[in-house]
Amino acid sequence: MTFFILLNLLTFNQYGYMTNTILIIGAGGQIGTELTQKLRGIYGSNNVIASDIRDNKDLSASGIFELVDATDKGAVENIIKKYKVTEVYLMAALLSAMAEKYPAKAWDLNMNSLFHILNFAKEGLIKKVFWPSSIAVFGPTTPKEMTPQETVMEPNTVYGISKLSGERWCDYYHQKYGVDVRSVRYPGLISWKTLPGGGTTDYAVEIFHSALQDGQYTCFLKEDTRLPMMYMDDAITATVDLMLADKPKQYKAYNINAIDFTPKEISEVIQKHIPDFTIEYAPDFRQKIADGWPASIDDSVAQREWGWDATFDLERTVETMLKNLA
Ligand code: SER
C-alpha cells in the first residue's frame, strides 16, 4: 500500500524528472488555503505553487506564491512552464449566491478557467487535474433524500449550470483525449481558517462567528432547510485521497457525504456550548437556491471505488469550530 502511494506521489513529468509539481489556482479561497497547507506537507513547500487573483501573505510566507487571474490563459501557461507543473488543482470559482448576481462573470470564470486547464492537459503540458464540482449540479427535480451518484440533474442556478457543464466537459476530455481529471461534488464546507465567500451554505460558518461575537445570529435560510455539509478536514482528505487513487477508467464527479442538518439543528448543538445563543430567521434570495438542492447525499460509489469515509459528525464539527474560533 505504502509503495503504491509513493509511486503515485512520484511520477515523471515531461522533462523526465521524478517529481510532482503542483499548481493550486484559487489557493487563497476557503478550500485552497487548507489544501495548499496539506499538499505542501505531502510534497514539500517548493513543489506546491499557490496562486490567486489576490495577494496572500500566509501563502507566500509558507512557499512559492504567484498572482494570477484564472481566466488569463497565457498567464496560467507561463506559471505552468516556469515551474514545470505536473498537476493542477483548479479551485477558483464564483459560488452560488455570487453567481446569481453576476451570471456572465460566473460563467466566464467557472468555465473558461476549466477549458484552459483541460486544454493544457490535452496537449500534454500537465498530467493530472483536480476540478471541484458541487451538490449544486442537482436541482429541484432531483430526488432530495440520499441523492444518488447518477440521477436527474436539472440545476436552476447559474453556479449549478456551470458545475454540471464542467462535469460534462471533464468527462468529454477524459473520453476523447484521455485527460486524467478528477472531481468530487463538495457539499457545504465548514471551516475556521478562511471564510467562505458568496455561497448558499455560508451560513453554517457565519453562525459560529456570530455566536461567539454577538451571541446571536440572523440566518438567511429558513429554520428547517436541510443541506448536506462537511467539515473541511474531511473535504481535504477526500480531495487528496481521490488524487492519489489509481488512474480512473472513467471520469466521475463523486458524491461525497458527511453530515446534513438544518439551521435549527446546528443552532441547538451550538447552544449546548453557548446556552445564551439565539437564532432568528430572515430568508433571502438564497432560500430558493437551497430549496433546489439535496437534503442528503448517497456516496456509496465513492466509498466503494476509492474508500471514501467522513470522520467529522455534527457534534465534533461544532466543538472543533468553537474551540478554534474562540
Ligand atoms: N458551498 C457552495 C455554495 O453554497 C456549494 O457548492 O455555493
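Because the structure is a prediction, the values reported are computed rather than measured.

1. A look at the packing of helix α4 (residues 73-83) against helix α6 (residues 103-122)
Closest axis-to-axis distance for the α4/α6 pair is 10 Å, and the angle between their directions is 45°. Taken together, α4 and α6 sit at an angle that is classed as oblique. At the point where α4 passes α6, the crossing takes the right-handed sense. In this structure, α4 uses Lys73, Val76, Glu77 and Ile80 to contact α6, whose residues at the interface are His116, Ile117 and Phe120. Of the residues belonging to the contact of α4 with α6, the class tally is 4 nonpolar, 1 polar and 2 charged.

2. Topic: the packing of helix α8 (residues 203-213) against helix α13 (residues 314-325)
Taken N-terminus to C-terminus, the directions of α8 and α13 make an angle of 50°; their axes are 10 Å apart at the nearest point. One element, α8, and the other, α13, form an angle in the oblique class. As for how α8 packs across α13, the hand of that crossing is right-handed. Mapping the contact onto sequence places Val205, Phe208, His209 and Leu212 in α8 and Val318, Met321, Leu322 and Leu325 in α13. For the contact of α8 with α13, a count of residues per class yields 7 nonpolar, 1 polar and no charged.

3. As for unusual backbone geometry
Apart from glycine, the bulk of residues carry a negative phi angle, and the bulk of peptide bonds sit in the trans form. For Lys84, which is not a glycine, the phi torsion comes out positive at approximately 50°. Among the structural elements, Lys84 can be located in the loop between α4 and β4 (87-90). For Lys84, a relative accessible area of 28% translates into the label partly exposed. Of note in this structure, Met146 is not a glycine but carries a positive phi near 45°.

4. A closer look at a nonpolar patch on the surface
Taken together, the side chains of Trp169, Tyr172 and Tyr177 make up a nonpolar region of the molecular surface, amounting to roughly 290 Å² of accessible area. Within the element layout of this structure, Tyr177 appears in helix α7 (residues 158-177). When its relative accessible area of 35% is taken as the criterion, Tyr177 is described as partly exposed.

5. Section: α8
All of the buried residues along α8 are Tyr203, Ala204, Val205, Ile207, Phe208, Ser210 and Ala211. Of the residues one or two after α8, Gly215 is the one with positive phi, at around 70°.

6. So, the pattern of salt bridges
For the structure on display, the rule yields 12 salt bridges. A salt bridge links Lys252 to Glu305, with the nearest nitrogen and oxygen atoms 2.6 Å apart. Of this pair, Lys252 sits in the loop between α9 (232-244) and β11 (253-255) while Glu305 sits in helix α12 (residues 300-306), placing them 53 residues apart in sequence. For Lys252, a relative accessible area of 14% corresponds to the buried category. For Glu315, the salt bridge is made with Lys272, and the minimal N-O distance between the two is 3.1 Å. Placement of Glu315 in helix α13 and of Lys272 in helix α10 (residues 263-273) is noted, with a sequence separation of 43 residues between them. Among the residues examined, Glu315 registers a relative accessible area of 35% and is labelled partly exposed. Via salt bridges that share partners, Arg226, Asp260 and Glu265 belong to a single interconnected network.

Criteria and cut-off values
Residues numbered from 1 in each chain as written. Predicted model: local features only at pLDDT ≥ 70, side-chain atom pairs only at ≥ 80, totals over all residues. Heavy atoms only, no water. Axes fitted to C-alpha atoms, helices over the stretch in contact; angles between N-to-C directions. Helix = DSSP H or I, 4+ residues; strand = E, 2+ residues; numbered from the N terminus. Parallel < 35°, antiparallel > 145°, perpendicular 65-115°, else oblique. Left-handed = near helix turned anticlockwise from the far one by under 90°. Contact = heavy atoms within 4.5 Å. Nonpolar A, V, L, I, M, F, W, Y, C, P; charged D, E, K, R; others polar. Buried < 20%, exposed > 50% of the residue type's maximum accessible area, 1.4 Å probe, protein only. Patch = residues over 30% accessible without salt bridge, like charges linked within 9 Å, V, L, I, M, F, W, Y side chains within 5 Å. Areas by Shrake-Rupley, 256 points an atom, 1.4 Å probe, with all protein chains shown as cover. Salt bridge = Lys/Arg side-chain N within 4 Å of Asp/Glu carboxyl O.

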